[in-house]
Amino acid sequence: MPKCAHVIRFSGLRATLGGALRSATGAAPALATLLALALPAPAQDTERGRTSAVAIAAELSSQGAQSKLVLTLSKAVEARAFVMERPDRVVIDLPEVNFQLDGETGRRRDGVVQSFRYGLFAPGRSRIVIDLAAPAIVGRIETATRPRDGAVLMTIPLKQVEREAFRKAAASSDPSPAQPHVAVSEPADSRPLIVIDAGHGGTDPGAIASTGVFEKDIVFGFAQDLAGKLSAGGHYRVQMTRDRDVFVPLLERVRIARDAKADLFISIHADSISSAPQVRGATIYTGSEKATDAESAKLAERENRADAAAGAEASEAPPDIADILQELTLRETRGFSSGFARSLMGQLGPVMEMSAKPHREARFVVLRSPDVPSVLVELGYLSSKRDLEMLQNPEWRAGVTGSMAKAVDQFFATRTSIGRQGAGARRSAAIAPVSP
């Protein structure tokens, strides 16, 4: 019986590169020339003083119980693979790679592969997370140089196996993910410190609009604008949990705020409900052990799975409150969080559409800090055409970030406790810094 393979090809090369290929005569141009024509300058590996590899195409093919993913790279890199269960995934760890792939890459099912994601997992490290349609293990990863242009082809073979074999492979895997570290130094001035958290990032895209827009990109742009607005007045110090498209575990986001002794934590998100495209509007969430409603509980559960989506161990909640001092600190912090949420509602209502219940509570991991007032702002729904248009509108974004800055001003103008003086003593007496 003749063998056949169903092949899905993805390419990140732009129209200029396609034109260069079509017009070339004789030998194919060197890969470096094509990259110079088609791609932005690749990222620098600052630790080693070298240029990061660029991934310019990916090809997924299947035959029977076997599938393979072939990456086209500008240079060879080392890869390490392991599998994870619940949900079933294959994770490929790489040095930092500049992925220049088409927006549809990884979204189609083929063979044992349901879909796959890719991106920066930590400074200097990239990751590919393959969601499996059936239990599968990774064979030997091989690289070969393509003679005609010097491109490096990395082949990642996947073989379907029985559940028990996959379970054993997952149990023996050693993910050992190095946690990203953000160095924080205590500033000399006493201005309030605001930590802005752009949700998702790197291998975790978050919600995906029907147009292919990623939540991680929408909220990162918004968070940058908000940080700029708050910094411009000179009244606050501002820090972001991520300053580029990189994965940051949920509890690491909490740790960044606590280690920096932040006075306010604002997490920015944009949800999606594909089954209800008519639903739109912003919602402000504060932390609570009990969700306001079933919808809020489901959203928190979905957001709390972000680590698993990026191929990392799921975050565990911080330890439960143990004594009355800790309980009082947490209660006071949540009171300030609710107060800021009310200020946000008052300022945002006139400039943007709000949901039917604009302030809700749920057990979000990123809102678990016992001593940093925290809110999570869902700006709108990527599944709503109108919300998506607004989220991508610079004028709308300027108006909303301006109103959020006013809410921050109002919050610090009326705040009377948990100031910087004495907060450190409460922190040390309350709960030790959380750890993933």
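Worth saying up front: this structure is predicted, and the values here are computed from it rather than measured. Here, residues in each chain are numbered from 1, in the same order as that chain's written sequence. Where local features are concerned, this predicted model is filtered to residues with pLDDT of at least 70; where side-chain atom pairs are given and counted, the filter is 80 or more; whole-chain, interface and lining totals use all residues. Values reported for side chains reflect all heavy atoms of the structure, with hydrogen atoms and water molecules removed beforehand.

Describing the sheet that holds strand β15 (residues 237-240)
We call two strands paired when DSSP finds no fewer than two bridges between them. Put simply, DSSP marks the helices as runs of H or I at least four residues long and the strands as runs of E at least two long, and each gets a number from the N terminus on. On the basis of which strands lie adjacent, the open sheet formed by 6 strands has the order β15-β14-β16-β19-β17-β18 and mixed pairing. Every other strand in the sheet has two partners, leaving β15 and β18 (354-362) as the edge strands with one partner each. When the angles between neighbouring strand axes are averaged without regard to direction, this sheet yields 20 degrees. In this structure, strand β17 (residues 282-287) lies alongside strand β19 (residues 374-381), joined through 3 bridges in antiparallel fashion. Bridging across to β19, T283 finds its partner in E378. Set on the sheet, helix α6 (residues 294-303) makes contact with β16 (264-271), β17, β18 and β19; between it and β18 the angle comes to about 65 degrees. On top of the sheet, helix α10 (residues 394-414) reaches β14 (193-198), β16 and β19; it is set at about 150 degrees to β16, its chief contact. Throughout, an axis means a line fitted to C-alpha atoms (over the contacting stretch in the case of helices), and angles, computed between N-to-C directions, take values from 0 to 180 degrees. Working rule for contacts: check all heavy atoms of both residues, and any pair within 4.5 Å makes them a contact.

What about the pattern of salt bridges?
Only one rule defines a salt bridge in this text: a Lys or Arg side-chain nitrogen within 4 Å of an Asp or Glu carboxyl oxygen. On inspection of all chains with the given rule, the structure shows 27 salt bridges. Among the ionic pairs, R167 bridges to E85, the shortest N-O distance being 3.4 Å. Of this pair, R167 sits in helix α3 (residues 163-172) while E85 sits in the loop between β6 (80-84) and β7 (89-95), placing them 82 residues apart in sequence. Owing to a relative accessible area of 36%, R167 belongs among the partly exposed residues under this scheme. On the accessibility criterion, E85 (18% relative accessible area) is buried. Among the ionic pairs, D93 bridges to R127, the shortest N-O distance being 2.6 Å. Of this pair, D93 sits in strand β7 while R127 sits in strand β10 (residues 125-132), and the two are 34 residues apart along the sequence. The same class applies to D93 and to R127, which are both buried. One salt-bridge network, held together by shared partners, links E85, D88, R163, E164 and R167. Partly exposed describes any residue whose relative accessible area lies between the buried limit of under 20% and the exposed limit of over 50%, with all areas from a 1.4 Å probe on protein chains only and scaled to the type maximum.

A few points about the environment of L60
Among the structural elements, L60 can be located in strand β4 (residues 53-63). It is 9.6 Å that separates the C-alpha atoms of L60 and T105, two residues lying 45 residues apart in sequence.

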